[in-house]
Amino acid sequence: MSHVMNTYARLPVAFERGEGSWLWDANGKRYLDAVAGVAVCGLGHGHPKYVAALREQVGRLVHTSNLYQITLQEKLADRLAGLSGMENVFFCNSGCEANEAAIKLARLYGHKKNIESPAIVVLDKAFHGRTMATLSATGSRKVQAGFEPLVAGFVRVPFDDLEAVKRVAEMNRSVVAVLVELLQGEGGVNVCHDGYLKGLREICEAHGWLLMLDEVQSGMGRTGKWFAFQQSGVKPDVMPLAKGLGNGLPIGACLADGPAAQLFKPGNHGSTFGGNPLACAAALATLDIIEEERLMENAVRVGDHIRAELQRAVGGLKGVREVRGMGLMIGLELEYPCAELVQQALERGFLINVTMDNVIRLLPPLVFRMEEAGLLLATLVPLVIEFLDRQGASQAAAQTA
């Protein structure tokens, strides 16, 4: 009997090693990884330059704490500020902690404006984490159920609906910020329309709100830009990051700009492990490799190919609602719950993911090659067609019974 707490419905496989986009289990079976640790391992597995950077840093210094200056942390902050155009960075360990920092910044901002109970606009189907504040901001009853009472101070609106945000602005004078994912991951790989971010910025400017963009899953080159907001050219005031930032070594970051940049003072917030030398070395190596190997360009090229081929092969089939996404963040929405496809793909040596019960989510590493995309499609397309055929046959049988 395992003494690991029962918080995950794990698949029956344990991986022992990885190389590029491939993983091997304890029995030596090879699997093509189209999940990348849930959008974490952008460089794939065992990248030699990344491994060398970590080995060198482990032998030099792992941790000292934020009681002291950390040279690599300052270097990483400079790098992220330069890539994003934002002013400064708070380092933590994960995406939910980065979002917690954003929520605290918004509340501090509101209190400085003499708002007694600052509120944040959040979206349906959003996912911001599993801490009490971030699960309260998340738009999923499945995540929230059993943990009530939730943290107050969040106003929920539909995804990609500017008019709903405008109505909140007119009616609720306690709102101080809006927290959104431009490309929802756990919510089903939902993509906002082209003018949405520009519209949000206009609302925020008109009402003195902070524009906070959760780039935990969409950041670090996954969409073809360093950050998804750069697709539109509208810069946020606050941006939480994590996942792909350290390529598997835990690190999160909350970037701030403009009115949010100087809100935190010593004692307002902190993290024991956040931004330690090892984590920062991992992140700096990750940034270098993404840039040197032009992996953002690869994400666009390979991602566009996968979406186009899925659209051509299954997009017009009955039971398929939509193929969508950006770069190597891809969703195939079906009309039926399809979690069984994860196990079926695993048996064939492929790792995929299903979210929102009926959305096949593909998050390959940024190093995913065209030939690997071809292998993935050659397995996934027949699996989807066979699945839809079974659903159709079941419906027909039910109607004639």
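Residues numbered from 1 in each chain as written. Predicted model: local features only at pLDDT ≥ 70, side-chain atom pairs only at ≥ 80, totals over all residues. Heavy atoms only, no water.

### Side note on the packing of helix α3 (residues 71-84) against helix α9 (residues 277-292)
Relative orientation of the contacting elements α3 and α9 amounts to 35°, with a least axis distance of 9 Å. For the element pair α3 and α9, the recorded crossing hand is left-handed. Contacts between α3 and α9 pair L72, Q73, K75, L76, R79, L80 and L83 from the former with P277, C280, A281, A283, L284, L287, D288 and E291 from the latter. The residue inventory of the contact of α3 with α9, partitioned by class, reads 10 nonpolar, 1 polar and 4 charged. (Axes fitted to C-alpha atoms, helices over the stretch in contact; angles between N-to-C directions. Helix = DSSP H or I, 4+ residues; strand = E, 2+ residues; numbered from the N terminus. Left-handed = near helix turned anticlockwise from the far one by under 90°. Contact = heavy atoms within 4.5 Å. Nonpolar A, V, L, I, M, F, W, Y, C, P; charged D, E, K, R; others polar.)

### Some points on the nonpolar core
In terms of nonpolar packing, the biggest core is built from 95 residues, with L80, I306, L310, I360 and L362 touching the most fellow members. No other element matches α9, which puts 10 residues into this core. Discounting residues that sit within four places of it in the chain, L310 has contacts with G315, V323, I330, L332, L362, L377, L380 and V381. By size, the runner-up hydrophobic cluster in this structure holds 25 residues, among which are L105, I115, I120 and V122. (Core = buried A, V, L, I, M, F, W, Y, C linked by side-chain atoms within 4.5 Å. Buried < 20%, exposed > 50% of the residue type's maximum accessible area, 1.4 Å probe, protein only.)

### With respect to unusual backbone geometry
For the peptide bond that leads from E148 to P149, omega is 5°, which places it in the cis range. With a phi angle near 55°, A36 is a residue other than glycine that sits in the positive phi range. Within the element layout of this structure, A36 appears in helix α1 (residues 36-39). On the accessibility criterion, A36 (0% relative accessible area) is buried. A positive phi angle, close to 65°, is found at N114, a residue other than glycine.

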